[in-house]
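# Commentary on secondary and tertiary structure
Take a look at the letters that make up each chain.
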Amino acid sequence: MENRKYPALVMDRDALTENVRILTEDCGRQGIEIAGIIKGAGGWVEATKAIVEGGATIIGSSRLEQLARCREAGIEVPLMMIRVPMLSELPELIRVADIALVSERATLDAIERQASLQDKEFKVILMADLGDLREGWWDKDEMLQTALYVEEELAHVTLAGIGTNLGCYGSVMPTEDKMQELADLAAKIEINIGRELEYVSGGASSSLLAVYRGYMPEKINMLRIGAVSLIGDLEDVRVCYDLEEIDRLGRPFTLQAQVVEVKDKPTHPVGTLGVDAFGKKGVYEDRGIRRRALIAIGRADYGDIADLVPTRKGIEIIGASGDHTILDVEAVKDHIEVGDILTFNLRYSALLYLSSSENVKKYVK
Ligand SMILES: *Cc1c(COP(=O)(O)O)cnc(C)c1O
């Protein structure tokens, strides 16, 4: 603690390993392996190592830079690019990663050219859009033909499998019919190509619903898990269902921020009101004079105040600008001073922003 700099993102490494271990064991019993997705932790290499120790057999990110850092740090499991790749990053993709999720034939052709240039074999997972309407083939016949095309025509591209993504844009739930649709597609492709696919990737954290409710089709053998393992809670990753199995997980990440001002102030602004730092009209309740504390961290670091949760009872976050956060500490007024370090639990998007903010120092607990 002595020389710690603030704001600090603190990782309980053992808690993260344990979360992943619980999830890999539960999924493993159903023949499902876990690709640990590290984008929510900014690709933090120490976190990635903890995730591999917990049993993830693949590491995935939406950012090639993060995968490159994993490679340089000597992480040995296969690395998977999970944002459908840009044509402009294919040389680096082939150099750094082993697998990519792909949804365009033009990209597959370009991967073939680049992999051939680098004299490498590169694996792809073709994405099916089952209604969430982000990436993936909507026309499933076209997808089947493309799978056959990769299998038969592309010498340096290996059709490793198919996958889908749900609950990202269209809020579509991983219901039994959606999971079965993916399994059926995989079965069709396997008949067409005359062999089994290595991976059928059934979605992200939200697809744990199918695992724990017991309806995941046997064919699905991989999930790409980030948020739930990193946050350890469903509500805080904005999943709309409860699973008591998730209550066994811990919270690996907390934020520590330092108090820089403590004063009694009015609760309603004084003067003619225009707009706030983000151009919004504020809504201010007049609760009289109350004790306020400022901490030295702001929305530039974590996004939205709703995604920070004070661990200390009696502290309420009432607003923030880019670099300051304002707390109502009236209920604990005699216990907060300049220089104090306050701790916050994080919802998923706050962790995503904080872990990639260069203003935030990272520490392993
Ligand atoms: C972010 C992402 C994941 C992981 O999602 P979580 O909700 O964090 O588990 C999986 N697949 C893709 C394609 C993603 O973009």
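None of the values given here were measured: they were computed from a predicted structure.

So, on to the overall build of the protein chain. Helix and strand content of the protein chain: eleven helices and 16 strands. In terms of overall size, the protein chain behaves like a compact globule, its C-alpha atoms giving a radius of gyration of 23 Å where 365 residues would be expected to give roughly 21 Å. The buried share of the protein chain, taken over its 365 residues, is 52%. Of all intrachain contacts in the protein chain linking residues separated by at least 6 positions in sequence, the fraction that spans at least 24 positions is 65%. A total of about 16,900 Å² of accessible surface is found on the protein chain, and carbon and sulfur atoms cover 47% of it. Across the protein chain, the mean location of the 43 positive side-chain charges is 6 Å away from that of the 60 negative side-chain charges.

To continue, consider the packing of aromatic side chains. Inspection of every chain in the model, using the stated rule, returns one aromatic pair. Ring plane angle 45° and centroid distance 6.0 Å describe the contact between Trp 44 and Phe 253, whose orientation is recorded as tilted. Here Phe 253 lies in strand β10 (residues 253-266) and Trp 44 lies in the loop between β2 (33-37) and α2 (45-53), a separation of 209 residues in the sequence. We classify Trp 44 as buried; its relative accessible area is 10%. Relative accessible area serves as the criterion here: at 4%, Phe 253 is assigned to the buried category. Above the ring of Tyr 363, the side-chain terminus of Arg 4 is found at 4.7 Å from the ring centroid.

Turning our attention to the site of the ligand. Taken together, 14 residues form the shell around the ligand, and within it Lys 39, Ser 205, Arg 224, Gly 226 and Ala 227 come nearest. With respect to the ligand, the side chain of Ser 205 contributes an N or O atom lying 2.6 Å from an oxygen atom. Contact distances for the ligand include 2.7 Å between an oxygen atom and a backbone N or O atom of Ala 227. If the ligand stood free it would expose 380 Å²; the protein chains cover 89% of that surface. Tallied by class, the residues present in the shell around the ligand amount to seven nonpolar, three polar and four charged.

What follows concerns the packing of helix α1 (residues 13-28) against α2. α2 packs onto α1 with a crossing angle of 40° between their chain directions and a minimal axis gap of 7 Å. One finds that α1 runs oblique with respect to α2. Of the two possible hands of crossing, α1 and α2 adopt the one that is right-handed. Between α1 and α2, the residues in contact are Arg 13, Leu 16, Thr 17 and Val 20 and Glu 46, Ala 47, Lys 49, Ala 50, Ile 51 and Glu 53, respectively. Looking at the contact of α1 with α2 residue by residue, the class counts come to five nonpolar, one polar and four charged.

Before going further, it helps to examine the pairing of β10. Looking at chain direction, strand β1 (residues 8-11) and β10 are connected through four bridges and run antiparallel. Bridge pairing in β10 places Val 10 opposite Thr 254. The sheet contact formed by β10 and strand β15 (residues 341-346) spans five bridges and is antiparallel. Its bridge partner being in β15, Gln 258 is matched across the sheet by Ile 341.

Moving on: unusual backbone geometry. The omega angle of the peptide bond from Tyr 6 to Pro 7 is -5°, so this bond is cis rather than trans. In this fold, Pro 7 is placed in the segment before β1. Phi is positive for Asp 119, close to 55°, though the residue is something other than glycine. Looking at the element boundaries, Asp 119 is found in the loop between α5 (105-117) and β6 (122-128).

Rules used throughout
Residues numbered from 1 in each chain as written. Predicted model: local features only at pLDDT ≥ 70, side-chain atom pairs only at ≥ 80, totals over all residues. Heavy atoms only, no water. Helix = DSSP H or I, 4+ residues; strand = E, 2+ residues; numbered from the N terminus. Rg over C-alpha atoms; globule rule 2.2 N^0.38 Å. Buried < 20%, exposed > 50% of the residue type's maximum accessible area, 1.4 Å probe, protein only. Contact = heavy atoms within 4.5 Å. Areas by Shrake-Rupley, 256 points an atom, 1.4 Å probe, with all protein chains shown as cover. Lys, Arg positive; Asp, Glu negative; His and termini not counted. Charge placed at Lys NZ, Arg CZ, Asp CG, Glu CD. Phe/Tyr/Trp six-rings, centres within 6.5 Å; stacked < 30°, edge-to-face > 60°. Lys NZ or Arg CZ within 6 Å of the ring centre and 35° of its normal. Near = heavy atom within 4 Å. Polar contact = N/O pair within 3.5 Å; in protein donor to acceptor, adjacent residues only side chain to side chain. Nonpolar A, V, L, I, M, F, W, Y, C, P; charged D, E, K, R; others polar. Axes fitted to C-alpha atoms, helices over the stretch in contact; angles between N-to-C directions. Parallel < 35°, antiparallel > 145°, perpendicular 65-115°, else oblique. Left-handed = near helix turned anticlockwise from the far one by under 90°. Pairing = 2+ DSSP bridges.

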